[in-house]
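Breakdown of the fold
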Amino acid sequence: MSKYKLFLLRHGEGNWNKENRFCSWVDQKLSEAGVKEAQDCGRLLKEQGYKFDIVFTSILSRSIQTAWLVLEAMGQEWVPVVKSWRLNERHYGSLIGLNRAEMAQKHGEEKVKLWRRGYDITPPPIDESHPYFLEIYNDRRYTTCDVSKENLPRAESLKEVLDRLLPYWESTVVPEIRKGRTVLISAHGNSCRALLKHLEGISDEDIAGVTLPTGIPVLLEMDENLKPVKPRQLLGDQAKIQAAIKKVEDQGKALPST
Ligand SMILES: O=C(O)[C@@H](COP(=O)(O)O)OP(=O)(O)O
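Residues numbered from 1 in each chain as written. Predicted model: local features only at pLDDT ≥ 70, side-chain atom pairs only at ≥ 80, totals over all residues. Heavy atoms only, no water.

As annotated in an unreviewed UniProt entry, the protein is Phosphoglycerate mutase from Xyrichtys novacula. You can read under Function (unreviewed entry) in the UniProt record for the protein the words "Plays a major role in regulating hemoglobin oxygen affinity by controlling the levels of its allosteric effector 2,3-bisphosphoglycerate (2,3-BPG). Also exhibits mutase (EC 5.4.2.11) activity." In its Sequence similarities (unreviewed entry) section, the UniProt entry covering the protein states "Belongs to the phosphoglycerate mutase family. BPG-dependent PGAM subfamily." (UniProt positions renumbered as here; feature names shortened; annotations may be inferred.)

Here it is, written out as structure tokens:
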């Protein structure tokens with residue numbers, strides 16, 4: 001029987017999602033379409049009668065902005081929002097800022113798929129010569145983390161995302177769920193995928209086939225042991241959701257030659 005409801009949400013479209021660039025730890029804001037996605041998500045959740053008690057976000061603006069817009073659209077602005085780097089998007093290392101379709105043209109679609117979806121594939125690390133290195137590591141937000149700046153990742157596989165996320169999930173999120181609170185996690189494609197892998201017991205191979213579109217809430221109903229009691233539900237118009245999933249998958253295709 002379903003005892004707890006948990007909502008996972010990949011933020012609304014960000015400016016670099018639109019440009020098809022690996023965004024990762026670069027702090028991009030939502031695009032105009034992304035703002036609308038977050039507001040539509042909030043309206044849908046309100047229509048369906050959901051009420052949140054607490055929201056967890058990463059420390060990247062696109063996930064925080066999404067949480068705010070969702071709560072505003074629901075008329076639940078007062079709900080506490082708790083932030084942690086442990087919900088940040090996967091660190092894409094030296095791939096940060098690069099265009100996926102151009103990478104597919106240069107290295108092949110299979111390689112890009114492996115980088116994006118291989119469970120324990122860590123991309124080449126970012127180093128000081130990278131154009132976004134200083135923007136990331138000189139950002140004041142990374143002085144507030146529970147690990148020193150030197151020990152923050154320089155690249156991560158999905159497995160490494162799960163390794164840094166799980167202690168936070170267990171120590172901070174699970175106690176709220178167990179108190180009977182309805183939790184929204186407003187985070188990122190890969191931090192949500194990592195958590196789904198853990199909660200649903202998805203194999204290392206099968207997680208490659210799980211794609212989350214932006215701005216679509218995922219509802220997980222769980223029993224008292226936090227085991228899902230039914231398949232995850234992506235809420236909203238199912239045809240639009242399938243089209244949005246395909247769009248994310250197609251981001252890794254090489255551009256047709258002209
Ligand atoms: O880092 C990014 O660019 C995307 C994920 O990229 P893919 O793994 O889908 O390539 O993360 P998000 O938009 O959820 O923050």
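Let's shift gears to unusual backbone geometry. If you check the backbone angles, N20 has positive phi at about 60° while not being a glycine. Take N20: it is sitting in the loop between α1 (15-18) and α2 (32-47). In this structure, S24 takes a positive phi of about 55° despite not being glycine. Looking at where S24 falls in the secondary structure, it is placed in the loop between α1 and α2. (Helix = DSSP H or I, 4+ residues; strand = E, 2+ residues; numbered from the N terminus.)

A separate point is the layout of surface pockets. When its volume is computed, the largest pocket comes out at roughly 690 Å³. Ranked by residues supplied to the lining of the largest pocket, first place goes to α2 with 8 residues. Across the lining of the largest pocket, the residue classes break down as 10 nonpolar, 5 polar and 11 charged. Taken as a whole, the second largest pocket spans an internal volume of roughly 240 Å³. Forming the walls of the second largest pocket are 13 residues, and the residues nearest its centre are K113, R116, R117, E249 and D250. Secondary-structure elements contributing two or more residues to the lining of the second largest pocket are α5 (109-117) and α9 (238-250). Tallying contributions element by element places α5 first for the lining of the second largest pocket, with 6 residues. (1 Å grid on protein atoms, 1.4 Å probe; cavity = no way out; pocket = protein on both sides within 12 Å on 5 of 7 lines; lining within 4 Å. Points joined across faces, edges and corners; volume = space filled by probe spheres on them. Nonpolar A, V, L, I, M, F, W, Y, C, P; charged D, E, K, R; others polar.)

Right, let's talk about the packing of aromatic side chains for a bit. Overall, the coordinates contain 8 aromatic pairs when judged by the stated rule. Ring centres of F7 and F52 lie 5.2 Å apart, and the angle between their planes is 80°; this geometry places the pair in the edge-to-face category. With F7 in strand β1 (residues 4-10) and F52 in the loop between α2 and β2 (54-57), this pair connects stretches of sequence that are 45 residues apart. F52 sits in the buried class, given a relative accessible area of 2%. The interplanar angle of 50° and the centroid separation of 4.5 Å between the aromatic rings of F22 and Y92 together place this pair among those described as tilted. Of this pair, F22 sits in the loop between α1 and α2 while Y92 sits in the loop between β3 (81-83) and α4 (100-107); the two residues are 70 residues apart in sequence, bridging distant segments of the chain. Classification of F22 as buried rests on a relative accessible area of 0%. (Phe/Tyr/Trp six-rings, centres within 6.5 Å; stacked < 30°, edge-to-face > 60°. Buried < 20%, exposed > 50% of the residue type's maximum accessible area, 1.4 Å probe, protein only.)

The tally for this structure, following the rule as stated, stands at 15 salt bridges. A salt bridge links R86 to D146; its shortest N-O distance comes to 3.0 Å. With a gap of 60 residues between them, R86 in the loop between β3 and α4 and D146 in the loop between α6 (133-137) and α7 (158-178) connect regions that are remote in the sequence. Classification of D146 by relative accessible area gives exposed; the value is 55%. Of the charged contacts, one joins R232 and E200 as a salt bridge, the two residues approaching to 2.8 Å between their closest N and O atoms. Of this pair, R232 sits in the loop between β5 (217-222) and β6 (233-234) while E200 sits in helix α8 (residues 189-200), and the two are 32 residues apart along the sequence. The class for R232 is partly exposed, based on a relative accessible area of 28%. (Salt bridge = Lys/Arg side-chain N within 4 Å of Asp/Glu carboxyl O.)

As a further point, take the site of the ligand. R10, E89, Y92, R116 and G189 are the nearest of the 16 residues found near the ligand. Within the contact set of the ligand, an oxygen atom lies 2.8 Å away from a side-chain nitrogen or oxygen of R10. Between an oxygen atom of the ligand and a side-chain N or O atom of R100, the distance comes to 2.8 Å. In the complex, 99% of the free accessible area of the ligand, which totals 400 Å², lies under the protein chains. (Near = heavy atom within 4 Å. Polar contact = N/O pair within 3.5 Å; in protein donor to acceptor, adjacent residues only side chain to side chain. Areas by Shrake-Rupley, 256 points an atom, 1.4 Å probe, with all protein chains shown as cover.)

On to the state of the cysteines. By the definition in use, this model includes 0 disulfides. With no disulfide of its own, C23 has C192 as its nearest cysteine by sulfur position, at a separation of 15 Å. Residue class for C23 comes out buried when judged on its relative accessible area of 6%. For C145, which is in no disulfide, the shortest distance to another cysteine sulfur is to C23 and amounts to 17 Å. (Disulfide = S-S within 2.5 Å.)

Applying the stated criterion across every chain, the model contains 1 cavity of 30 Å³ or more. Roughly 180 Å³ of internal volume is contained in the largest cavity. Lining the largest cavity are 19 residues, with R10, E89, Y92, R100 and N190 sitting closest to its centre. Every element with two or more residues in the lining of the largest cavity is listed here: α5 and α8. Of the residues belonging to the lining of the largest cavity, the class tally is 5 nonpolar, 7 polar and 7 charged.

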